[in-house]
Amino acid sequence: MNALPALVCVPLAGASIIWLTDRLPATRRSGPWAITLMTLTLELLLLLWASFQGTSHQGPWLNHFSIPWVPPLGIVFRLDMDGLSLSMLWLTILLSLACVLLTTRHIRDSSGTFHALLLATISGTVGTFLATDLFLFFFFWELMLVPVFFLLCGWGHENRYRAAIKFFLFTQGSGLLMLLSILGLVIINFQETGILTFDYFVLANTPLSPLLSMLLMLGFFIPFAVKLPVVPVHVWLPDTHTQAPTAGSVILAGILLKTGGYGMIRFNLMLFPEAVERFAPYATLLGLIGILYGAWLACAQSDIKRLIAYSSISHLGFVMLGIFSVSPVGLQGAIIQMLAHGLSTGGLFIIAGAIQDRLHTRDIVTIGGLWESMPRLSSVGLFFAIASLGIPGLGNFAGEFLVLFATWSVSPFIAILATGGLILASVYSLKLVNGVFLAPSSSRAEPVSDFHAGQMSILGILMTLLVILGLYPQPIMTFSLPSPATITTSNSGKNAS
Amino acid sequence: MIINGIFLPFPLFVLSVGTMLLLASVTLHRSSRLSFSLGLLTLVLATVMTYYPAPIMPLAATQTLFFADTWANYTAALILLSASCIFILSWQDVTQRSARSADEYALLLLLGALGATAMVFSVNYMPFFLGVEILSIALIGLVTFRSRHTQKGLEAAMKYLILSGVSSAILLFGIGLSYSVTGSLVFEFSTAGHETGTGIAAAASIMVLSGIFFKLSAVPFHMWILDVMEGASVPIAGFIAVVPKIGIFSALVRYFGSEPVTPFLHNTMSAIIILTILGGNLLALCQTSLIRLMACSSIAHVGYLLIAFYSPGHFQSDTMVLYLAAYTAATLGTFSIIQAFVSPEGLQRSTISDWKGLFFTHPFLAVAMTAMLLSLAGIPPTIGFFAKFEIAASGLEQRHYILLTALIVGSIIALYYYLNIIRLMTTPNTSLNIGQNKKTNLTIYSTVFILTLIVFVGGIFPSFFMNSIHPALPSTRAEYLQSHIPLP
């Protein structure tokens, strides 16, 4: 019995159940929500089991599953789990649980479809984090875009259609480059060995000329860069995040963006280490530009969601910097930063959504001081805002510090400039805090309700996790490092046979 | 001499007999219902016949007219299934709506299928040309059939008549030139005569190719398809988008065998492929009518198919097999859904903005439509994703980088207009109603359901469609024939 295929299939099964029960006339309105919650709880249990199951075979990889899928093309439904994917899965499940508990209960129109799409997205993301057959990875990668597109189209805000199409064109279009890269790698391997396979571990050993490996690496890099996002290809992100429904923003910022960082580590770094080393200076530069440009733009926003979206670009610039410092410390920093960013930005989007639900505006000036009327919401918001600012003791600080530390040893100059991003981060975070929470409260006709205890306890879990990440990141740092692609090759042959 | 070599593959035989029976029954008793049943029965029988291997007969080597290999049988089965689908779609439309009986419609559809099947099986210029002409003439009749409702049908048929006549003439002239160079009517690309440098051989191949590309609506020869498809009724537009293309494409593959295209055609082929992909997709961007958009998208898909055709290698045969199936299923599905919204007066709701809010009024059809469009755009979990994946694989294997760039650019453009339709379907306000009675809806709904199933199942388990149906190479064909009677 293996937990990995179940992890991928359970949300899909949940989605189908919701879709089916939605056809019944007698379903209660909160039915789909309850089923989603049950599915995610089941997923959480599965993940617990997968985490503590113990390794069934030697090697650093924790778990493995494979069955043939398309034999004529050598495509295998192969899932492997290492520390990196496991930590990403935890982030995915926890954040989506929080997101479902807090934001989706009151979806009014076609709640069933909404939840089915949400679960389908989660399933695609889980698959992306686990797949080690390149084709399967690509399949999941593309698959998770479709439900997000519909979430945006159906439940987004005023400008949603433009945002949805922009999102899809950018991510799917760049995905085609990855398709070519995957095929290139497979065909080179095929011509060398005569074996048609999409297996990650076999392809990691493909001998490549420097030029080819650079080209293939770029083919992988560009779609990941679009997803992360890196600055010249980030233009889809602010629109998409702003227009998405709250749950969509949380899933997008907290989880989907991480697939970009995950992909860079798993595929760029592990498959083309040597090309990455040659490409690192340019990538570092792109990361730096992302940090400063994103932060600069965030300072100028007056829409809360847009501000958070731009701050994401800045934070994920650090991830980029960490990955392409090509050192274990930088990598650990990048992973911590991804986890912390997922939690803090996810939290911020939940707060922004809660504000928008209550006040029907996202404009910082119109919202004006909430502390008086909603002290609990405001204090949580304050917490996430200063977490994203990078205050010591919280996860983001640990990540950013490690990244800067690793960057310093590569190029002190870039590290100094990147530190500027932290200063800008305090500017926009404090702008958010001052404008939304601390400003004198504007007179409002209708009374607003604050978060109740249940909601506070869920957000409390996210906050605790951020504190743990900040105070004692060591176990996660050592645990979540990606396992090398080459070690299990002898092993995987045995497993496959 | 030709008499010696007459051998009809089973499906062709069944189709011919069925056509004659249909003609006879029409002379005895005119009844749309009877004609349609007879036509459908013939098509189903012929489809079943494609599963039986062709009999091995002693043949005069160069004079054989037909050859039935797995490739021909596969494409014939696709053609016959598509034609049956079109039959089912137009059944109620024609038999109930028109005042007078519609036997001609069934007859012409059957003839069209016969023509396309003949092209698929032929290995000689003569039956190939006959197949092309039977199909074209049947199409003219079918397109005019709508003229009872609107003048557009007449106009479209006229356009098709003239343009297709011209292209047939070019094709015929090319065949004549080719005969003058090689002295044989065997339907295969002949390298003979190219070395002498007279240019006649080159002119012959180019003329034959022009004729083929016209029927295939590859880009410099694509002008007719938009107007003709718009003018025709919805099922016939679906027929035009699918059946002739499969037939001609299958013949094109047979013409070259699956061997590398000769060098002097390399630039021409690349140029045509790039023009077809980009032209089709760019044209589709500015269409407001769904039928015209589908016509453009069919042009673009021919471009993708030509990449597979132009890239012989390990992936080629699987690619062509899968892509034809994917394209056929998704296109027929789209047209079935459009047909579901044709009003009882025969009015088409093909303006794209009419499709607003479909998700709210007809969720099943909207989901099916989305599946079809995603498949055409090449997005998982649909069969079109695998098809496009294979196209990229075969192109990459032969290192056609420029073509792959065109593929990517084209796909991104295509994504925009397909998504635009899906986006419109999710907008809340609506104007579309299903205009037909329950019985019709049931047939159309079940057709749509089966096609959607194919699109999804093919997208998740594509190995069903990958059993390496290689077109027999001219060399193996010659070998096979040689084993009976040596070449003169």
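What you see is a predicted model; the values in this text were computed from it and never measured.

### Notes on the pairing of strand β2 (residues 75-81) of chain A
Residues and elements named next belong to chain A.
- Counting buried positions over the 7 residues of β2 gives 6, a clear majority of the element.
- Sheet analysis places strand β1 (residues 63-70) next to β2, joined by 7 bridges and oriented antiparallel. Paired with F65 across the bridge in β2 is L79.
- From the end of β1 to the start of β2, which pair antiparallel, there are 4 residues, and G74 there has a positive phi angle of about 70°.

### Here's the deal with the confidence of the model for chain B
All names here are of chain B.
- Per-residue pLDDT for chain B averages 82, and the proportion of residues at 70 or more is 83%.
- For the stretch residues 1-5, pLDDT sits under 50, and the model shows 7 contacts to residues farther than four places along the chain or on other chains.
- Every residue in residues 484-488 scores below 50 in pLDDT, and together they form 10 contacts with partners more than four places removed in sequence or on other chains.

### Some details on helix α16 (residues 375-389) of chain A
Residues and elements named next belong to chain A.
- When the terminal C-alpha atoms of α16 are compared, their 21 Å separation across 15 residues agrees well with the 21 Å that a helix rising 1.5 Å per residue should span.
- L377, S378, V380, G381, F383, F384, A385, A387, S388 and L389 are the residues of α16 that are buried.
- On its buried side, α16 packs onto α13 (304-323), α14 (328-359), α17 (395-410), α18 (412-438) and α19 (453-471).
- Backbone geometry just downstream of α16 places G390 in the positive-phi region, at approximately 95°.

### Let's talk about the interface of chain B and chain A
- Across the contact, 38 residues belong to chain B and 33 residues belong to chain A.
- Summing both partners gives a buried area of about 3,200 Å² for chain B against chain A, and 85% of it is carried by carbon and sulfur.
- The interface formed by chain B and chain A includes 0 salt bridges.
- For the pair chain B and chain A, the interface holds 1 residue pair in polar contact (both at pLDDT 80 or more).
- In terms of residues, the side of chain B that touches chain A owes the most to one element, helix α16 (residues 401-426) of chain B, which gives 11 residues.
- A class-by-class count of the residues in the side of chain B that touches chain A yields 24 nonpolar, 9 polar and 5 charged.

### Structural notes on the side chain of T125(A)
Residue and element names in this part refer to chain A.
- Here T125 is to be found in helix α4 (residues 111-130).
- Judged by its relative accessible area of 1%, T125 is buried.
- Discounting chain neighbours no more than four positions away, the residues touching T125 are M144, I255, L256 and T259.

### Notes on unusual backbone geometry
- The peptide bond linking L228(A) to P229(A) adopts the cis configuration, its omega dihedral lying at -5°.
- For P229(A), the location among the structural elements is in the loop between α9 (210-227) and α10 (236-243).
- For the bond from P380(B) to P381(B), the omega torsion is 0°, close enough to zero to count as cis.
- On the secondary structure map, P381(B) appears in the loop between α14 (363-377) and α15 (383-397).
- Even without being a glycine, V326(A) presents a positive backbone phi close to 45°.
- With respect to the helices and strands, V326(A) occurs in the loop between α13 and α14.

Cut-off values and rules
Residues numbered from 1 in each chain as written. Chains lettered and ligands numbered in written order. Predicted model: local features only at pLDDT ≥ 70, side-chain atom pairs only at ≥ 80, totals over all residues. Heavy atoms only, no water. Buried < 20%, exposed > 50% of the residue type's maximum accessible area, 1.4 Å probe, protein only. Helix = DSSP H or I, 4+ residues; strand = E, 2+ residues; numbered from the N terminus. Pairing = 2+ DSSP bridges. pLDDT = per-residue confidence, 0-100. Contact = heavy atoms within 4.5 Å. Expected span 1.5 Å × (residues − 1). Buried area = accessible area lost by both parts, 1.4 Å probe. Salt bridge = Lys/Arg side-chain N within 4 Å of Asp/Glu carboxyl O. Polar contact = N/O pair within 3.5 Å; in protein donor to acceptor, adjacent residues only side chain to side chain. Nonpolar A, V, L, I, M, F, W, Y, C, P; charged D, E, K, R; others polar.

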